[in-house]
Each structure stands twice: as C-alpha cells, then as structure tokens.
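One-letter residues, chain by chain:
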Amino acid sequence: MKKMIIPIAVTALILNSCTSLQQVANQLPQILETGGVGQTQIAAGLKEALQQGIDKQVVNLTKTDGFYNNSLVKIGLPSELQKVEKTLRDIGLGSLADEGIKSLNKAASNAVKEATPIFVNAITSMTISDATAILMGNKNAATQYLQKTTKTALYSKFNPVIKSSFTKVGADKVWNNIITKYNAIPTVKKVNPDLTDHVTQQALAGVFTMIEKEEANIRTNVSARSTNVLKTVFAMQDKK
C-alpha cells in the first residue's frame, strides 16, 4: 500500500493547531514520516548544523589569538590566580600578567587545532534517537545534546592535548616564571594552580559556545542554511 502524502499546507495546519510544544513533539514523527521527512533526515540535518558550527565558528578559534581576541570565549584566570594578577600589576609587572593570560589563550587555540578531529568524529558518529525533540527544542538543543553526550570523553582526550600545548607555545615557562616571582613576594600565600584543568574546561566551554552560536544562526536565519538538508529539516522547525 502506498503512503499517503500530506500536503505541506495540511502539515502546517496540523502543527499550528497544537496547543503546546509537547503535542508538536508527540505528533511530528508520524507527520514527518508521512510527509517524506523522516527521522534519518532530521538526524542528518542536525549533524550538518553541528558540523557547520565546527567549520564556520570553531575553526576561527584555532587562528592566531582566536580565543584571546574573542570576547565570548576569551580565557581569563581562575579565581586563585586573580589575586596573583592584581599583585603583579600593583608592583609594576602588568606586562608579565598580560603575557601569562595571552599564553593560556594561545595554548587553547593550539589545542583546539589539534583536537578538532575529536569533535568532528563525535558529531558524525553520534546517534540522535530523539532527533525530533531536538529539532523542535530551543535554539541550542542540538549543542546541549552534543555537550551532554560527549563532554566527558572529550575532556579525557582534550586534557593531554592542552598539557602538550602548554609546552609547545611556551605557556609552561611563562607561568612557572610568574608563579615563582609571586611566591617569592613576602607575606603572600603561595599558589600552585592546576592551569591545565582550567584551560581545558574553558577551551571546551568556548568550543560549545561557538557551536551554539552557529546553531542559533541556522535556526533563526534561513540564509544560513547552506545545504538542501538543512533547508528541508529546519523548515519544519520554522512551523512550530
């Protein structure tokens, strides 16, 4: 028996008649399958959206000063080191503090460059069983799903890359010098921060921030949907 094709106008009428987002989510699987847009295509569209976030936004973080010059993701100092920064500036070593902050951001940019394939693999290999709910969710639902399902694994892979990046860009020497100078100041409480963990956490947060930015753009800006799959899938979201 042939499947009955429901016209787009009828589909839109069904969606618009729902009294809540939950009703939309409950009815969409049947509506979409009957109308020719299935769960597989929705999953493909969401993956393309996340991949576009990598290609258009995350790659920018790998450029020179990609983190440092981006106010959305610039990595600052952990609370333990904010007093170190203030003390250095108070005694005329502000340039050393600036160098230290810049080195952390440089390490993050370098690490993201090396770790980008990890994010790409996480996107292409993930299964989205609740694709419809994600599609019809809020403006960052796909990013939240990716973050929830990959952050732990990504951290374990990203952390050693950050550690290696510290050495590669010379951040380890800069901060050894800063901490040594600070700890030598009379009366101060000595510090020994875990900068690798701090930068790893902040770099991951920055990556997801930029993916989320692109996802929101795709959801709200039709011209940002660069492929037919994105246009078809996110057109369904527009009708909710």
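Scope of this entry: the structure provided in the associated data block. Throughout, a residue's number is its position along its own chain's written sequence, starting from 1. Under the rules for a predicted model, residues below a pLDDT of 70 receive no local features and side-chain atom pairs below 80 are neither given nor counted, while totals for whole chains, interfaces and linings still include all residues. Just so you know, side-chain values use all the structure's heavy atoms and leave hydrogens and water out.

## Description of the layout of surface pockets
To keep it simple, the criterion reads: Only protein atoms enter the 1 Å grid, on which a cavity is a set of points fitting a 1.4 Å probe that cannot get out and a pocket is an open set with protein on both sides within 12 Å along at least 5 of 7 lines, lining residues being those with an atom within 4 Å of a point. Grid points are joined across faces, edges and corners, and a volume is the space filled by probe spheres set on the points. In this text, helices come from DSSP runs of H or I with a minimum length of four residues, and strands from runs of E with a minimum of two, each type numbered from the N-terminal end. Lys, Arg, Asp and Glu make up the charged group, whereas Ala, Val, Leu, Ile, Met, Phe, Trp, Tyr, Cys and Pro make up the nonpolar group; the residues left over, Gly among them, are polar.
A volume near 210 Å³ is recorded for the largest pocket. Lining of the largest pocket is provided by 13 residues; of these, Phe166, Asp172, Asn176, Leu195 and Thr196 occupy positions nearest its centre. At five residues, the largest contribution of residues to the lining of the largest pocket is made by helix 8 (residues 171-183). Here the residues of the lining of the largest pocket sort into six nonpolar, four polar and three charged.

## So, the packing of aromatic side chains
Put simply, the rule reads: Pairs were defined over the aromatic rings of Phe, Tyr and Trp, the Trp ring being its six-membered one, requiring ring centres within 6.5 Å. Orientation was assigned from the angle between planes: stacked under 30 degrees, edge-to-face over 60, tilted for the rest. The criterion is that NZ of a Lys, or CZ of an Arg, lies within 6 Å of the ring centre and within 35 degrees of the ring normal, and then a charge sits over that ring.
In total, this model carries zero aromatic pairs according to the counting rule given. Above the plane of the ring of Tyr68 lies Lys74, whose end atom (NZ or CZ) is 4.4 Å from the centre.

## Things to note about the side chain of Thr143
Applied cut-off: Only protein chains enter the accessibility calculation, which uses a 1.4 Å probe; a residue whose area is less than 20% of its type maximum is buried, one above 50% is exposed, and one in between is partly exposed. The contact criterion used is simple: two residues touch if any of their non-hydrogen atoms lie within 4.5 Å.
Position of Thr143 relative to the elements: it lies in helix 7 (residues 141-169). Taking the relative accessible area as the measure of exposure, Thr143 reaches 1% and is therefore buried. When neighbours within four sequence positions are excluded, Thr143 is seen to be in contact with Leu50, Phe208, Ile211, Glu212 and Glu215.

## Section: the pattern of salt bridges
What counts, and what does not: Salt bridge criterion: a side-chain nitrogen from Lys or Arg within 4 Å of a carboxyl oxygen from Asp or Glu.
Tallied over the entire structure, the rule returns seven salt bridges. Measuring nitrogen to oxygen at the nearest pair gives 3.0 Å for the salt bridge that ties Glu85 to Arg89. Of this pair, Glu85 and Arg89 both sit in helix 4 (residues 79-90), four residues apart, which is roughly one turn of that helix. Taking relative accessible area as the criterion, Arg89 reaches 34% and is therefore assigned partly exposed. One salt bridge connects Lys168 with Glu114, and the closest N-O pair in it is separated by 3.5 Å. Linking Lys168 in helix 7 with Glu114 in helix 5 (residues 94-125), this pair joins segments that are 54 residues apart in sequence. The class of Glu114 is partly exposed, set by a relative accessible area of 40%. One salt-bridge network, held together by shared partners, links Glu85, Arg89 and Asp98.

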